[in-house]
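Take a look at the letters that make up each chain.
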Amino acid sequence: MELKGMEKNNITTVVLLGFPGPYNVRILLFLLIFMIYCVTICGNLLVIILVSSTRNLHSPMYFFLTQLTTSDIMTSSDIVPNMLHMILNNGSSMSLPGCITQLFFFSYAECTECLLLTVMSYDRYLAICKPLNYYSTMSSVICLKCIITSWIMSFFAAFITIAHVSQLPFCRSNIIDHFFCDLDPLLQLSCLDTFNVKLFAMCISFTFVVLPFVMIVISYASIIRTIVKIQSINQKEKAFSTCGSHLAVVSIFYGTLFTIYLIPIKGKSIVSHKILSLMYCAMTPLINPAIYCLRNKDIIIAVRKFVVQ
């Protein structure tokens, strides 16, 4: 059955339109996105280096942060280099297997980020609501298990989704009016009914996106209740500061994610959908390390020591 499905594929390459427009505008867009990409990679690598080399940052929260920055690097590197090539050439093409591979790594990174943000919210819950049990509950072994579980579960979620997609025959127009191979634009190229694949993708999204978000909301509801009960204003400010960066990252990540994928494409113009996706794929990986570096005193001190050295 698989061979028969592949024989029906009339599409061997996929054409991504990207951001068509005048040459001068595309050059400016190229320079802007190239600078964002360079700063994103350097910023996320800096966080990883600082946490690895600074003893004061050897704690569960920063250990999880290094995994989050790794996920951001994966997302950005999966999409932005080809997008830069696309902007310069006013569109680009890639093989169908390459398009599906790009979708796999994008799905893998995003599922992992959702799970990591959930683990980080639980870490903040334990630190603020259960401080006496924090170090016994969030031990280095538990942290490692959480990280490994997040990456492995996300891998299988993305792999199974891609396995379903790759079974479809693609024989319609090979043009995708987007700057990367997202799920919905790719499914539109199939000449069969994709309802089952979309239904399965929705189940995966519910498990790896919606449920983690609900768990994060529950964690922060408990955190806020605990902080409200604290009498000392200084302790309240300290408690808020320990989870403020994570809460800001969660808000930006899920805000853009829900805006893109929960609002039907028919309700948005193609241009606005591309802009939102660009914010999600290029800007979010840049904003995440910036928020942690600017709002966290420990990381600021580590950056100063790193620069002096």
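Reading the values: the criteria
- Here the residue index of a chain counts from 1 through its sequence in written order.
- Local features in this predicted model are restricted to residues of pLDDT 70 or higher, and side-chain atom pairs are both shown and tallied only at a pLDDT of 80 or more, whereas totals for entire chains, interfaces and linings draw on every residue.
- Side-chain measures were taken over the full set of non-hydrogen atoms in the model, leaving aside hydrogen atoms and water.
- UniProt positions are given in the numbering used here, feature names are shortened, and annotations may be inferred rather than shown by experiment.
- Salt-bridge detection follows one rule: a side-chain nitrogen of Lys or Arg within 4 Å of a carboxyl oxygen of Asp or Glu.
- A 1.4 Å probe rolled over the protein chains alone gives each residue an accessible area, and that area as a share of the maximum for its type sets the label: buried under 20%, exposed over 50%, partly exposed in between.
- Counting from the N terminus, the helices are DSSP H or I runs at least four residues long and the strands are E runs at least two residues long.
- A pair of strands is considered paired only if DSSP assigns at least 2 bridges between the two.
- Pairs of residues are marked as contacts when any of their non-hydrogen atoms sit within 4.5 Å.
- Between N-to-C directions, angles cover 0 to 180 degrees, with each direction set by a line fitted to C-alpha atoms, over the stretch in contact for helices.
- Aromatic pairs are defined between Phe, Tyr and Trp rings, using the six-membered ring for Trp, whenever the two ring centres lie within 6.5 Å; interplanar angles under 30 degrees are classed as stacked, those over 60 as edge-to-face, and all others as tilted.

The name given to the chain in an unreviewed UniProt entry is Olfactory receptor, and the organism recorded there is Eleutherodactylus coqui. Quoted verbatim from the Sequence similarities (unreviewed entry) heading of the UniProt record, the comment on the chain is "Belongs to the G-protein coupled receptor 1 family." If you open the UniProt record of the chain and go to Subcellular location (unreviewed entry), you find "Cell membrane".

K.L.:
Give a description of the pattern of salt bridges that names residues and reports values.
P.N.:
According to the stated counting rule, one finds two salt bridges in the structure shown. Residues Arg124 and Asp123 are paired through a salt bridge, measuring 2.8 Å at the closest nitrogen-oxygen approach. Residue Asp123 is classed as buried on the basis of its relative accessible area, which comes to 0%. We note a salt bridge from Lys274 to Asp177, for which the minimum N-O separation is 2.6 Å. A residue pair is termed long-range when its members are at least 10 positions apart, and Lys274 in helix H10 (residues 270-295) and Asp177 in the loop between strand E3 (175-176) and helix H7 (183-187) qualify at 97 residues. On the basis of relative accessibility, which here comes to 33%, the residue Asp177 falls in the partly exposed class.

K.L.:
So, the UniProt feature "transmembrane region" (unreviewed entry) in the chain: which residues are in play, and what are the values?
P.N.:
When the UniProt feature table is mapped to this numbering, "transmembrane region" (unreviewed entry) covers residues 27-51, 142-165, 199-223, 244-263 and 275-294. Helix makes up 100% of residues 142-165 and strand 0%, and the two end C-alpha atoms of the span are 35 Å apart. Secondary structure content for residues 199-223 is 100% helix and 0% strand, while the C-alpha to C-alpha distance between its ends is 35 Å.

K.L.:
I'd like a rundown of the sheet that holds strand E1 (residues 13-16), residues and numbers included.
P.N.:
Strand order in the open sheet formed by three strands is E2-E1-E3, with mixed pairing between adjacent strands. Lying at the two open borders of the sheet, with one neighbouring strand each, are strand E2 (92-95) and E3. Relative to E2, E1 is paired through four bridges, and the arrangement is antiparallel. Directly across from Val14, in E2, lies its bridge partner Met94. Here helix H3 (residues 60-88) sits on the sheet and contacts E1 and E2; the angle it forms with E2, its principal contact strand, is near 135°.

K.L.:
Give a detailed account of the environment of Ile73, specifying residues and quantitative values.
P.N.:
Relative to the assigned elements, Ile73 resides in helix H3. With a relative accessible area of 18%, Ile73 lands in the buried category. Taking the C-alpha atoms as reference, Ile73 lies 36 Å from Val228; in sequence the two are 155 residues apart. For Ile73, the residues in contact, after removing those within four places along its chain, are Ile41, Asn44, Leu45 and Ile48.

K.L.:
Let's hear about the packing of aromatic side chains: which residues, and what values?
P.N.:
As enumerated under the stated definition, the model contains 21 aromatic pairs in all. On the basis of an interplanar angle of 15° and a centroid distance of 6.0 Å, the ring pair of Phe155 and Phe159 is categorised as stacked. Of this pair, Phe155 and Phe159 both sit in helix H6 (residues 140-166), four residues apart, which is roughly one turn of the helix. Accessibility expressed as a relative area gives 33% for Phe155, which makes it partly exposed. By relative accessible area, Phe159 is classed as partly exposed at 47%. Judged by centre distance (4.9 Å) and plane angle (50°), the ring pair of Phe213 and Tyr254 falls under tilted. With Phe213 in helix H8 (residues 195-229) and Tyr254 in helix H9 (residues 233-261), this residue pair connects regions lying 41 residues apart in the sequence.

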